[in-house]
Amino acid sequence: QNGTGSKKRGKPNILITGTPGTGKTTTASALSEATQFRHINIGDLVKEKNLHDGWDDQFDCYLINEDLVCDELEDLMEEGGNIVDYHGGDFFPERWFDRVVVLQTENSVLYDRLTKRGYIGQKLTNNIECEIFQVLLEEAKESYPEEIVVALRSNTIDDINRNVVTLTDWVRSWSCPS
Ligand code: DAT
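Notes on the structure in this doc start here. No experiment lies behind these values; they were computed from the predicted model shown.

## As for the packing of aromatic side chains
Line of reasoning, step 1. In this structure the tally under the stated criterion is seven aromatic pairs.
Line of reasoning, step 2. Here tryptophan 55 and tyrosine 62 contribute two aromatic rings whose centre-to-centre distance is 5.0 Å and whose plane-to-plane angle is 90 degrees, an arrangement assigned as edge-to-face.
Line of reasoning, step 3. Residue tyrosine 62 is classed as partly exposed on the basis of its relative accessible area of 32%.
Line of reasoning, step 4. Connected via pairs of aromatic rings, a cluster forms that spans Tyr86, Phe91, Phe92, Trp96, Phe97 and Tyr144.
Line of reasoning, step 5. Above the plane of the ring of tyrosine 119 lies lysine 123, whose end atom (NZ or CZ) is 4.6 Å from the centre.

Here it is in structure tokens:
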């Protein structure tokens, strides 16, 4: 009864993950508009609600407090209808998500996006390597049932539009299975 298809939520939850710059926030906000689901940007939430243990100088980002983030989101996730946007996902409870989307971008395209964002040096290299080695895809496959994990290409605006249509269709079929 707790296998695939067990539905205690009225609406599904979707995790959108991928290397920084692959288009998570752009995709999640478009999908949120199409579905009226709640867009939860974990990076923003961590900053707004102070769900961190200070700034990490080495990695140039907040040291996210995973327990605080999970406590903060538990009720919303139980309710359903959430699109969670984060460059990671191995610390969320497995039961939270019905679909895990891993966005992927070609190296040269990603390089340009991250450079535009001001990434340089080690931070730039680390993120490009993260994409080359498909770190987020491997992490997703290790953390969630294989059948709910999908990798989607995100090189162009057309890709984004197509991904939003695909995911919106999936949400509809989840809510009204034929
Ligand atoms: P992320 O949330 O994964 O860090 P983002 O949505 O903030 O990524 O996108 C980073 C930048 O790249 C932003 O200027 C929008 C652009 N972008 C993202 N995905 C794209 C795509 N598939 N085609 C064209 N531009 C894209």
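## Considerations on the site of the ligand
Line of reasoning, step 1. Close to the ligand lie 15 residues; Gly21, Lys24, Thr25, Thr26 and Arg117 are nearest.
Line of reasoning, step 2. Residue glycine 21 places a main-chain N or O atom 2.8 Å away from an oxygen atom belonging to the ligand.
Line of reasoning, step 3. Relative to its free-state accessible area of 550 Å², the ligand is covered by the protein chains to the extent of 74%.
Line of reasoning, step 4. Looking at the shell around the ligand, the elements with two or more residues in it are α1 (24-35) and α7 (157-175).
Line of reasoning, step 5. The biggest single contributor to the shell around the ligand is α1, with three residues.
Line of reasoning, step 6. Residues belonging to the shell around the ligand are distributed by class as follows: three nonpolar, nine polar and three charged.

## Points about the packing of α1 against α7
Line of reasoning, step 1. Between α1 and α7, whose axes approach to 9 Å, the crossing angle comes to 45 degrees. Between α1 and α7, the angle falls in the class oblique. Here the hand of the crossing between α1 and α7 comes out right-handed. Taken together, the residues of α7 that come into contact with α1 (itself represented by Thr26, Thr27, Ala30, Leu31, Ala34 and Thr35) are Ile160, Val164, Leu167, Thr168 and Val171.
Line of reasoning, step 2. Split by residue class, the contact of α1 with α7 holds seven nonpolar, four polar and no charged.

## Quick notes on the layout of surface pockets
Line of reasoning, step 1. The calculated volume of the largest pocket comes to roughly 1,300 Å³.
Line of reasoning, step 2. Taken together, 45 residues line the largest pocket, and the ones lying closest to its centre are Pro20, Cys61, His87, Tyr119 and Asn127.
Line of reasoning, step 3. Elements with a contribution of two residues or more to the lining of the largest pocket: α1, α2 (42-48), β4 (61-64), α5 (121-132), α6 (135-143) and α7.
Line of reasoning, step 4. It is α5 that provides the largest number of residues to the lining of the largest pocket, a total of six residues.
Line of reasoning, step 5. Grouping the constituent residues of the lining of the largest pocket by class yields 16 nonpolar, 18 polar and eleven charged.

## A closer look at the pattern of salt bridges
Line of reasoning, step 1. All chains considered together, the criterion is met by eight salt bridges.
Line of reasoning, step 2. Note that arginine 38 is salt-bridged to glutamate 79, the shortest N-O span being 3.0 Å. With arginine 38 in strand β2 (residues 38-41) and glutamate 79 in helix α3 (residues 66-79), this residue pair connects regions lying 41 residues apart in the sequence.
Line of reasoning, step 3. Looking at arginine 38, the relative accessible area reads 31%, which means it is partly exposed.
Line of reasoning, step 4. A salt bridge links aspartate 60 to lysine 123; its shortest N-O distance comes to 3.3 Å. A residue pair is termed long-range when its members are at least 10 positions apart, and aspartate 60 in the loop between β3 (52-56) and β4 and lysine 123 in helix α5 qualify at 63 residues.

Definitions and limits used
- Residues numbered from 1 in each chain as written.
- Predicted model: local features only at pLDDT ≥ 70, side-chain atom pairs only at ≥ 80, totals over all residues.
- Heavy atoms only, no water.
- Phe/Tyr/Trp six-rings, centres within 6.5 Å; stacked < 30°, edge-to-face > 60°.
- Buried < 20%, exposed > 50% of the residue type's maximum accessible area, 1.4 Å probe, protein only.
- Lys NZ or Arg CZ within 6 Å of the ring centre and 35° of its normal.
- Near = heavy atom within 4 Å.
- Polar contact = N/O pair within 3.5 Å; in protein donor to acceptor, adjacent residues only side chain to side chain.
- Areas by Shrake-Rupley, 256 points an atom, 1.4 Å probe, with all protein chains shown as cover.
- Helix = DSSP H or I, 4+ residues; strand = E, 2+ residues; numbered from the N terminus.
- Nonpolar A, V, L, I, M, F, W, Y, C, P; charged D, E, K, R; others polar.
- Axes fitted to C-alpha atoms, helices over the stretch in contact; angles between N-to-C directions.
- Parallel < 35°, antiparallel > 145°, perpendicular 65-115°, else oblique.
- Left-handed = near helix turned anticlockwise from the far one by under 90°.
- Contact = heavy atoms within 4.5 Å.
- 1 Å grid on protein atoms, 1.4 Å probe; cavity = no way out; pocket = protein on both sides within 12 Å on 5 of 7 lines; lining within 4 Å.
- Points joined across faces, edges and corners; volume = space filled by probe spheres on them.
- Salt bridge = Lys/Arg side-chain N within 4 Å of Asp/Glu carboxyl O.

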